[in-house]
Amino acid sequence: LEEQRQNRMNAIDAYRDSLQLQPERADIRQTLAELLLKNGDLDEAAAELKVITTQKPANVQSRERLADIYRDLGRPRLALEEYLGIMRYSKASEEVLMKAARLQLYDLGKLAAASRTLKRILQINPKNAEARYRLGVALKDQEQIQAAKAQFEFYLELTPQGEFAQEVQGELLNLNVR
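Anyway, here's the lowdown on the structure attached to this text. Note that this is a predicted model, so its numbers are computed, not measured. (Residues numbered from 1 in each chain as written. Predicted model: local features only at pLDDT ≥ 70, side-chain atom pairs only at ≥ 80, totals over all residues. Heavy atoms only, no water.)

**Quick word on the nonpolar core**
Test applied: In this description, a nonpolar core means a group of buried Ala, Val, Leu, Ile, Met, Phe, Trp, Tyr and Cys residues linked to one another through side-chain atoms lying within 4.5 Å. Exposure categories follow from relative accessible area, calculated using a 1.4 Å probe and restricted to protein chains: below 20% of the type maximum is buried, above 50% is exposed, and the middle band is partly exposed. Between two residues, a contact is recorded if the distance between any of their heavy atoms is within 4.5 Å.
Within the largest apolar cluster, 52 residues are counted, with the highest numbers of intra-cluster contacts made by Tyr-83, Leu-118, Tyr-133, Phe-152, Tyr-155 and Val-168. Discounting residues that sit within four places of it in the chain, Val-168 has contacts with Tyr-133, Phe-152, Tyr-155 and Leu-156.

What follows is the structure in structure tokens.
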């Protein structure tokens, strides 16, 4: 393990030397960022990926990796900015949209924005149970009770034994009391 770590450090040094000679090489910078990640150097990896996304804003792979790192570092605003950047440069996947929605809903408290993002997911895949659940949560928190109930009920139709099924059943009981 120590040998692998030492080899990785040697490789990191070699890639940094290469970048001194060819700073515009995004492929070298990408590899360096991956090695830094494997080494646990999230801040340094993020810095390298930020250079790539500044040089090549449409590099979706680097942008998503950067967003994931920012999320892991507890920087939700920066993470969301990068996920939204992906949406500017390509057709966002359900996965990227869900990452953005989770940040909007839980980390940033942007309920209306989260609802819009979750509805985009449901336009792509109406049977996305997680999106139904999270949209129900967002709508409930916005006091849109009937719409929240509809999303929770749809969630249970899709996955009656799903990850959030017990919570959803409890929410429906509480919402029916209102």
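**What to know about the side chain of Asn-128**
Applied cut-off: Each helix corresponds to a stretch of at least 4 residues labelled H or I by DSSP, and each strand to a stretch of at least 2 residues labelled E; elements are numbered beginning at the N terminus. Definition of a polar contact: a pair of N or O atoms within 3.5 Å, with one able to donate and the other able to accept a hydrogen when the atoms are protein atoms, and with sequence-neighbouring residues admitted only if both atoms are side-chain atoms.
For Asn-128, the location among the structural elements is in the loop between α7 (111-124) and α8 (129-141). In terms of polar contacts, Asn-128 uses its side chain to reach the backbone amide nitrogen of Glu-130, at 3.2 Å.

**Let's talk about the environment of Glu-167**
As for its position among the elements, Glu-167 is in helix α10 (residues 165-177). Here the side chain of Glu-167 touches Tyr-133 through a polar contact of 2.6 Å, side chain to side chain.

**Focus: the pattern of salt bridges**
Keep this limit in mind: Think of a salt bridge as a Lys or Arg side-chain nitrogen and an Asp or Glu carboxyl oxygen that are within 4 Å of each other.
With the rule as written, the count across this model stands at 16 salt bridges. The closest approach of N and O atoms between Arg-71 and Asp-68, which form a salt bridge, is 3.4 Å. With Arg-71 and Asp-68 both in helix α4 (residues 60-72), this residue pair falls three residues apart, about one helical turn. By relative accessible area, Arg-71 is classed as partly exposed at 33%. A relative accessible area of 13% places Asp-68 in the buried class.

**Section: the packing of helix α2 (residues 26-38) against helix α3 (residues 42-55)**
Going by this rule: What counts as an axis is a line fitted to C-alpha atoms, over the stretch in contact for a helix, and the angles between N-to-C directions run from 0 to 180 degrees. By the definition adopted for this analysis, an angle is roughly parallel if under 35 degrees, roughly antiparallel if over 145, roughly perpendicular if from 65 to 115, and oblique otherwise. Put simply, a crossing is left-handed when the front helix is turned counterclockwise from the back one by less than a right angle, and right-handed when it is turned clockwise. For this classification, the nonpolar set comprises Ala, Val, Leu, Ile, Met, Phe, Trp, Tyr, Cys and Pro, the charged set comprises Asp, Glu, Lys and Arg, and every other residue, Gly included, is treated as polar.
The N-to-C vectors of α2 and α3 enclose an angle of 160°; their axes lie 8 Å apart at closest approach. Regarding the angle of α2 to α3, the classification is roughly antiparallel. For the pair α2 and α3, the crossing hand works out as left-handed. Across the interface between the two elements, Ala-26, Arg-29, Gln-30, Leu-32, Ala-33, Leu-36 and Leu-37 from α2 touch Leu-42, Glu-44, Ala-45, Glu-48, Leu-49, Val-51 and Ile-52 from α3. Of the residues that constitute the contact of α2 with α3, the class distribution is ten nonpolar, one polar and three charged.

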